[in-house]
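Architecture at a glance
Listed here are the chains, written in short residue letters.
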Amino acid sequence: MGQLPSPLHPARTRRGGRVRRRLATAAAALALSAGLTAAGPHASAAGLTATGPHASAAGLTQVTGFGSNPGNLSMYTHVPDGLPAGAPLVVALHGCTQSASDYHAGSGWPRIADRDGFALVFPQTTGANNANSCFNWFDPADSARGRGEALSIRQMVDKAVALYGSDTGRVYITGLSAGGGMTANMLAAYPDVFAGGAVASGPPASCATTLTAAYTCMYSPPDRTPAQWGALVRSAAPAGTSAWPRVAVWQGTADTTVAPANAAELRDQWTDVWGVGQTPSRTAALGGGTTLDEYDDPSGRPAVRVYTVAGMAHGLAVDPGSGADQCGTAGTYYLDTICSSHHTALFWGLDREGDGGDPGTLPAPTGLALAGTTDTTATLSWGAVSGAAAYEVHRDGTRTGTTTSTSHTDTGLATGTTYTYTVAAVDAAGVPGPVSSPVTATTTGHTPACHTASNYAHTVAGRAHQSGGHTYAAGSGQAMGLWNTFTTRTLKETSPGYHVVADAGCPA
């Protein structure tokens, strides 16, 4: 982490004719800026001068006149050619010292937008607002509903909807680092605007309202109860809110800028908001050393997803390449592991070929059942659908195979891991219908084990690690409290090397 600016030297900014004083360290407070001291290999947005409302799939266009803009932000958009009205809209927030152009070039979102058909908005802040060009996620004057930068971003959404005819029921927001912190606050402040969000290497909503608290959130977030975290969201939202966005959390286990415990606190916050427990409905292994924990709403649909990337430092997970599930450009704080933008888009249902596309006329298959598993395979069967030319099999929301029969064996799976499958019937025109009810499959090769011990003993045994005097479960990164021999916790190993806190009970 780079050296932080001195908190003793305030920086000045000017907005709307009035002078506001900000501490230069406020920028670094999301190192969230602390690591982001270089923009990496990507171009600056300074050269973007287009002012028209339409962008091609090749790059960015600046849009002006999007409202009163109390946050003094700039608006850039990426719109695939020929995008029809009624398409989704995604807002993507850069990290500290980055720009709209940098995030456009590195994050992989433009590739996903061109593939799946939705518009992108890239808000941009500058050193005039914050010494390190961070979004001021920790300042209520900028992150609360109807104020500062938060209101400017809200006005950008309205402008994009007016320009591109975006579906107001399918507006989403995501961000990295400081942009992740602002994303969490926007989801809390505007649940009536955003259907979903994704926080990458960022803190929970309303974690900090001062500079000092911002540092605490980054390095050792408060170990609040789920109810306490959830109350912060409910107090930020309009009174009487009952519908909440679906939230994805992305976190690297080797992040020393934003401690992995932030992911656990985010999970606690949003599962409480949804009124569900903190035990995963299922756990799956993805590529790039990534573990996915899903937390279902009462209807059985994931409301919260936590993606934990083993060994990843501070940054956004990308996976350069031309494959269907690849995206992004590796560079400073764009880390070559897995394409987070692809998986987030699947979670939100933005993929045209999956749950997010217009369904065909065929009904969903019934009777999906697990026929058997091995260490690396799962075999499924289901009832035939009249008129089906083929069937698509989806594993954890991603299409994994197509078959003309009513059975399928999925291969190359991780041992002792749970996966969720659905199937859709494909008509003669190649259009898939709605997916079936899900079924889960757990491969053999690992028996979940429970261990009750002191936090010190857990770390010695490799079931946990310690950072800054606090203990975190290996794999899940869940906060376990102080690192000592007096604090006793129970951990359950749900898959090899992946442990979750199970103090309430741990049947093996």
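Note: the structure precedes this text.
Remember, it's a predicted structure, so these values are computed and weren't measured experimentally. (Residues numbered from 1 in each chain as written. Predicted model: local features only at pLDDT ≥ 70, side-chain atom pairs only at ≥ 80, totals over all residues. Heavy atoms only, no water.)

A look at the overall build of the chain
- Looking only at helices and strands, the chain features 11 helices and 28 strands.
- For the chain, the proportion of its 508 residues judged to be buried stands at 56%.
- Taking contacts inside the chain between residues at least 6 apart in sequence as the whole, the part at least 24 apart equals 64%. (Helix = DSSP H or I, 4+ residues; strand = E, 2+ residues; numbered from the N terminus. Buried < 20%, exposed > 50% of the residue type's maximum accessible area, 1.4 Å probe, protein only. Contact = heavy atoms within 4.5 Å.)

Examining the pattern of salt bridges
- Taken as a whole, this structure holds 12 salt bridges when the rule is applied.
- Here Arg-154 makes a salt bridge to Asp-158, at a shortest N to O gap of 2.2 Å. Linking Arg-154 with Asp-158, this pair stays in helix H5 (residues 148-164), spanning four residues, or about one helical turn.
- Taking the relative accessible area as the measure of exposure, Asp-158 reaches 40% and is therefore partly exposed.
- For Arg-305, the salt bridge goes to Glu-294, with nearest N and O atoms at 2.5 Å. With a gap of 11 residues between them, Arg-305 in strand S12 (residues 302-309) and Glu-294 in strand S11 (residues 290-296) connect regions that are remote in the sequence. (Salt bridge = Lys/Arg side-chain N within 4 Å of Asp/Glu carboxyl O.)

Regarding the sheet that holds strand S19 (residues 407-410)
- Spatial ordering of the open sheet is given by S15-S16-S19, a layout of three strands whose pairing is antiparallel. Both edges of this open sheet fall to strand S15 (369-373) and S19, since each of them pairs with a single strand only. Within this sheet the neighbouring strands show an average axis-to-axis angle of 20 degrees, counted without direction.
- Of the strand pairs in this sheet, strand S16 (residues 378-381) and S19 are connected by four bridges, and their pairing is antiparallel. Bridge pairing links Ser-381 to Ser-407 in S19. (Pairing = 2+ DSSP bridges. Axes fitted to C-alpha atoms, helices over the stretch in contact; angles between N-to-C directions.)

Focus: unusual backbone geometry
- Notably, Thr-97 is not glycine yet its phi reads approximately 60 degrees, a positive angle.
- Tracing the backbone shows Thr-97 in the loop between strand S5 (89-93) and helix H2 (100-106).
- For Ser-133, which is not glycine, the phi dihedral falls at a positive 55 degrees.
- You can see Ser-133 is positioned in the loop between strand S6 (119-124) and helix H4 (140-143).

A short note on the packing of aromatic side chains
- According to the stated counting rule, one finds nine aromatic pairs in the structure shown.
- With a centroid separation of 6.4 Å and an interplanar angle of 15 degrees, the aromatic rings of Tyr-215 and Tyr-219 are classed as stacked. In this pair, Tyr-215 and Tyr-219 both sit in helix H7 (residues 211-219), four residues apart, roughly one turn of the helix.
- Taking relative accessible area as the criterion, Tyr-219 reaches 30% and is therefore assigned partly exposed.
- Aromatic side chains Tyr-456 and Trp-483 sit 5.8 Å apart centroid to centroid with 40 degrees between the ring planes, which places their arrangement in the tilted category. Note that Tyr-456 is positioned in helix H11 (residues 455-460) and Trp-483 in the loop between strand S26 (479-482) and strand S27 (488-495), a separation of 27 residues in sequence.
- Assessed through its relative accessible area of 34%, Trp-483 is described here as partly exposed.
- Here the aromatic residues Trp-109, Phe-118, Tyr-172 and Trp-348 are joined through ring pairs into a cluster of three or more.
- Cation over ring: Arg-224 sits above Trp-229, and NZ or CZ is 4.7 Å from the ring centre. (Phe/Tyr/Trp six-rings, centres within 6.5 Å; stacked < 30°, edge-to-face > 60°. Lys NZ or Arg CZ within 6 Å of the ring centre and 35° of its normal.)

What to know about helix H8 (residues 226-236)
- What H8 keeps buried is the set Trp-229, Gly-230 and Val-233. One face of H8 carries all of its buried residues, which in axial projection span an arc of 95 degrees.
- Those residues of H8 that are buried lie in contact with helix H6 (178-189) and helix H9 (261-274). (Arc of directions from axis to C-beta.)

Points about the state of the cysteines
- Taken as a whole and assessed by the stated rule, the structure comprises three disulfides.
- With its sulfur 1.9 Å from that of its partner, Cys-327 forms a disulfide with Cys-339. Residues Cys-327 and Cys-339 share a disulfide whose torsion about the S-S bond is about 95 degrees; that sign makes it right-handed. Here Cys-327, found in the loop between strand S13 (316-318) and strand S14 (334-336), pairs with Cys-339, found in the loop between S14 and helix H10 (340-348); they are 12 residues apart in sequence, far enough to count as distant. (Disulfide = S-S within 2.5 Å.)

Re the sheet that holds strand S23 (residues 449-454)
- Across the sheet, which stays open at both edges, the three strands sit in the order S23-S27-S28 with antiparallel pairing between neighbours. Only two strands of the sheet have a single neighbouring strand rather than two, namely S23 and strand S28 (498-501). Shown here is a sheet whose adjacent strand axes are inclined to one another by a mean of 35 degrees, direction ignored.

Some thoughts on the side chain of Thr-420
- Residue placement: Thr-420 occurs in strand S20 (residues 418-426).
- A polar contact is formed between the side chain of Thr-420 and the side chain of Arg-282, at a distance of 2.5 Å.
- Look past the residues within four positions of Thr-420 in its chain and what remains in contact with it is Arg-282, Glu-294, His-394, Arg-395, Asp-396, Pro-438, Val-439 and Thr-440. (Polar contact = N/O pair within 3.5 Å; in protein donor to acceptor, adjacent residues only side chain to side chain.)

Points about the pairing of strand S9 (residues 246-252)
- Burial within S9 is extensive, with seven of its seven residues counted as buried.
- Covered by surrounding structure in S9 are Arg-246, Ala-248, Trp-250 and Gly-252 together with Val-247, Val-249 and Gln-251, the residues of both alternating faces.
- Sheet topology note: the strand S8 (residues 196-200)/S9 ladder contains five bridges and is parallel. Its bridge partner being in S9, Gly-197 is matched across the sheet by Val-247.
- Examined bridge by bridge, S9 and S12 share six bridges and lie parallel to one another. Looking at S12, one finds that Gln-251 is bridged to Thr-308.

A word on the environment of Val-304
- Along the chain, Val-304 falls in strand S12.
- Among the residues examined, Val-304 registers a relative accessible area of 0% and is labelled buried.
- In this structure, the C-alpha to C-alpha distance between Val-304 and Trp-274, residues 30 residues apart in sequence, is 8.6 Å.
- Those residues in contact with Val-304, other than ones at most four positions away along the chain, are Val-247, Trp-270, Thr-271, Trp-274, Asp-293, Glu-294, Tyr-295 and Phe-347.

Focus on a nonpolar patch on the surface
- A surface patch of nonpolar side chains, amounting to about 300 Å² of accessible area, comprises Tyr-456, Val-460 and Trp-483.
- For Val-460, the location among the structural elements is in helix H11.
- With a relative accessible area of 59%, Val-460 lands in the exposed category. (Patch = residues over 30% accessible without salt bridge, like charges linked within 9 Å, V, L, I, M, F, W, Y side chains within 5 Å. Areas by Shrake-Rupley, 256 points an atom, 1.4 Å probe, with all protein chains shown as cover.)

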